[in-house]
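Take a look at the letters that make up each chain.
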Amino acid sequence: MGSVDDRYFTPGWTSYNHTIQTQTYDVTSMLHPGSNAIGAWLGNGWYKGNLGWGGQKEYYGDRLALLLQLHVTYEDGREERIVTDRNWRSSLGPILMSELYHGEIYDARLEINDFSTTEYDDANWSEVEVLARGFDTLVPQINEPVRAIQTVKPVEWITTPKGERVIDFGQNLVGWVRFRIQGEAGTTVSLQHAEVLDAEGNFYIDNLRTAKQSIQYTLKGDGRETYEPRFTFQGFRYVRISGPDDVLNQAEFEAVVLHSDMEATGDFQCSDPLINQLQSNIRWGLKGNFLDVPTDCPQRDERLGWTGDAQMFIQTAAYLSNIAPFFTKWLGDVGADQRSDGAVPHVVPHVLGEGEYGSAAWGDAAVICPWTLYVSYGDTRILERQYESMKRWVGYIRGQGEQEYLWNTGFHFGDWLGLDAKSGDYVGATERDFIASAYYAYSVDLVHRTALVLGQEQDAQHYAELKQNVIEAFREEFVTPSGRLAASTQTAHVLAIMFDLLNEQAEQRTAKRLSRLLEESNHHLTTGFVGTPYISHALSKHGLHEAAYKLLFQQDFPSWLYPVTKGATTIWEHWDGIKEDGSFWSKDMNSFNHYAYGAIGDWLYRTVAGIQPIERSPGYKHMVIAPVPKEQLTWAEGKLETMYGKIRSYWSYGSDGVLKLEITIPANTTAEIRLPGVASISGVTENGNPLSEAIGITDIQNTGAEVVLQVGSGSYTFSYQYLKQLIGV
């Protein structure tokens, strides 16, 4: 008796009324001459279990069911199919309770040994009912399945001030605990999972809300027993254990890390250990929240596919892992769950109320995510598949406003968790109609570009005109005749710059004003979910690299490194999830594994390491390598596995002022390399030789602040005296 595969939580979470994935296994090696038997374990999962924070369950249905077909081809060419039908039998087993949020209760004394063998007598089992369900929703598995990716050993066993036994795994992670124990039958061991300890060092679970995140295991007393759950997962670093001392062996506990089995593609390292920890936190945030759907958090009674979080982080994720299959599957559900008027739900799969649709920056995931995948991987199929969904979303926006070229009605989350919010409010100070209209323009622009890629000429013309009308309406509503933004927040200035909503003169003025706003806040962020992913890009777009680096290097609240100084091993939902005095943000909404603010990773990869995809040649067929070194870092390195091979960008900055760049461009690709801070071409060498003699360089241009090279595939090493003042760092 053995498992057919190492996949977990099959068939995965989809919009089940539209799509149910099927899995195919090669079980040839498990069959043997004579009689064979098949068994299966069923759990509530997303289909029947608890979903959301309101105690909701059985959202899709109240019955557990199995659909299976065994297709056997004999050596003589005969074929036979064994299917799930009335001849199957069912029974309860040792799993007494299993919920994604709450954990599992398992009584090993109730185990049914060898139930999936021919020797087992199932005469006392119950008959099954055949449900009348069609097959039109079935599709082969689209994304990578969830697997056990790695194990983590405890770093410490703690006795808290309250006298509780707690395991510290040293890393906030998602998965479960596997343990091996031995004891008398009926002995019970209980585990509860938490992300943090409180200021006194005690176990803290208030931020889980109603999620129990607990495991209860009752021993069968038959020698050494090994246990790990089947149909639940937890978000945790710390585990509180209760049970007899003689049963618990510290060496026999380990954490199993679960997530969708995406290929890791990108890496970033530098000379600053705090930034390296930030990068690690970003990666672990992806691991913990890319478990079949892109969730907001993996621990409390939520764990939903929030669309806004997904679009804010997708570019960073596309660097770290091959997310194309993962998001292809999820975006299919975005389209399936759109309302008939084109409104996109706040979470996908949609499991909230009937009115939970249509927020700016959240619903725009329907447009931003497909476009990001296209630019990252160069595959037009994702645009073809999502094109109608993208158009329907823009059509929905156009039908909402009192003026068809502005979006000034309806509910919006705004700059969620912006630090310039009024006291007691979750929403930042940037006016919601400003944000909504800005995203309106951005989504129309992306649909226009998509139409051009797909050769939809009439659509392209239509969306080009619509984009111009929306931008003109935005300027009339939110920009003074002299080019000053009507909104005075960091987020408003960032969006206007990043979405190209201003003329050149007004954008220059807005960039300068953004710089002054940062000076007024002592170079600290006041942005929330909407502004934070773009603020560093907006600064670097206008050469304000010094300001962007100042934001990166800040260590006090609010900053990306503040949580790192507090021992964070993942990205937090709030800048001050743990405050300076050790107290917590409100227990109602305080996740310590929330990837949205990890979007700073995209700036690290694009600007610090300098690896940038190009829309006109997507998938890194042609790329730009444009690092921006800073003397506070003595070196930095970015690496990215693409379809063509590995891209590498490494730079080091010596005390003698010499900058050394090592760059690798994969086969069958080309690149534009921008060497920053160069006074003259003659001062640059490639592998010790003048640029004019370097092999692989097809063109050399000097812009006055940088030297721009066109190169083919190969490895290059450049050295020169770095003049940082030329690029504003």
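**Q** Looking at this structure, how should I read the sheet that holds strand β32 (residues 714-721)?
**A** Strand pairing in a sheet relies on backbone hydrogen bonds, with the paired strands running either antiparallel or parallel. With antiparallel pairing, seven strands are arranged side by side in an open sheet as β19-β24-β25-β26-β32-β28-β29. Edge positions in the sheet fall to β19 (266-270) and β29 (689-690), since each has one partner strand and no second. Where strand β26 (residues 658-665) lies against β32, eight bridges are found, and the strand directions are antiparallel. From the neighbouring strand, Ile663 faces β32, where its bridge partner is Tyr716.

**Q** Before we go on, may I ask you to explain the domain arrangement of the protein in this structure?
**A** Reports often express the size of an interface as the amount of accessible area lost when the parts come together. Under the domain assignment used here, the protein contains domain 1 (147-260), domain 2 (266-608) and domain 3 (622-726). For domain 1 and domain 2, the distance between their C-alpha centres works out to 35 Å. Listed by partner, the interface residues are 27 residues for domain 1 and 27 residues for domain 2. With both chains or domains summed, domain 1 and domain 2 bury close to 2,300 Å², and 55% of this area falls on carbon and sulfur atoms.

**Q** Can you help me understand the side chain of Glu99 in this one?
**A** Structurally, Glu99 is set in strand β5 (residues 95-99). With relative accessibility at 5%, the residue Glu99 sits in the buried group. Side chain to side chain, Glu99 and Asn44 meet in a polar contact 3.1 Å long. Among residues more than four places away in sequence, those in contact with Glu99 are Asn44, Gly49, Asn50, Lys57, Phe231 and Thr232.

**Q** Would you mind going over helix α2 (residues 273-289) with me for this structure?
**A** An α-helical segment advances 3.6 residues per turn. Residues three or four places apart therefore align on the same side. Between its first and last C-alpha, α2 extends 24 Å over 17 residues, near the 24 Å set by a 1.5 Å rise per residue. Burial analysis of α2 places 13 of its 17 residues in the buried class, which makes it a mostly covered element. For α2, the side-chain oxygen to backbone nitrogen distance between the N-cap and Leu274 is 2.8 Å, and the N-cap itself is Asp272.

**Q** Quick question: what am I supposed to make of the pairing of strand β18 (residues 253-260) here?
**A** On any regular strand, side chains alternate: one points to one face of the sheet, the next to the other face. By the criterion of burial, β18 is predominantly enclosed, with eight of the eight residues buried. For strand β11 (residues 165-181) and β18, the ladder comprises five bridges, and the chain directions are antiparallel. Within the sheet, the bridge partner assigned to Arg178 lies in β18 and is Glu254.

**Q** Can you help me understand empty space enclosed by the protein in this one?
**A** A water-sized probe, rolled over the atoms, reveals where empty space remains. The full count for this structure, using the stated rule, is two cavities of 30 Å³ or more. By volume, the largest cavity is sized at about 80 Å³. Looking at the largest cavity, it is lined by 13 residues, and the ones nearest its centre are Trp560, Pro563, Ile571, Trp572 and Trp575. Across the lining of the largest cavity, the residue classes break down as nine nonpolar, four polar and no charged. Lining the second largest cavity we find Tyr8, Phe9, Thr10, Gly12, Gln141, Pro145, Val146 and Asp292. Grouping the amino acids of the lining of the second largest cavity by side-chain chemistry returns four nonpolar, three polar and one charged.

**Q** Help me out: how do you make sense of the layout of surface pockets in this one?
**A** A volume near 1,400 Å³ is recorded for the second largest pocket. What lines the second largest pocket is a set of 44 residues, among which Met498, His537, Lys541, Arg606 and Gln612 lie closest to the centre. Where the lining of the second largest pocket is concerned, the elements lending two or more residues are α3 (307-320), α5 (365-377), α7 (432-453), α11 (532-541), α14 (600-608), β22 (611-613), β23 (622-625) and β27 (670-676). Residue classes in the lining of the second largest pocket are distributed as 23 nonpolar, 10 polar and 11 charged. The residues that make up the lining of the second largest pocket include at least three from each of domain 2 (266-608) and domain 3 (622-726).

How each quantity is defined
Residues numbered from 1 in each chain as written. Predicted model: local features only at pLDDT ≥ 70, side-chain atom pairs only at ≥ 80, totals over all residues. Heavy atoms only, no water. Pairing = 2+ DSSP bridges. Helix = DSSP H or I, 4+ residues; strand = E, 2+ residues; numbered from the N terminus. Domains from an automatic or database assignment. Contact = heavy atoms within 4.5 Å. Buried area = accessible area lost by both parts, 1.4 Å probe. Buried < 20%, exposed > 50% of the residue type's maximum accessible area, 1.4 Å probe, protein only. Polar contact = N/O pair within 3.5 Å; in protein donor to acceptor, adjacent residues only side chain to side chain. Expected span 1.5 Å × (residues − 1). 1 Å grid on protein atoms, 1.4 Å probe; cavity = no way out; pocket = protein on both sides within 12 Å on 5 of 7 lines; lining within 4 Å. Points joined across faces, edges and corners; volume = space filled by probe spheres on them. Nonpolar A, V, L, I, M, F, W, Y, C, P; charged D, E, K, R; others polar.

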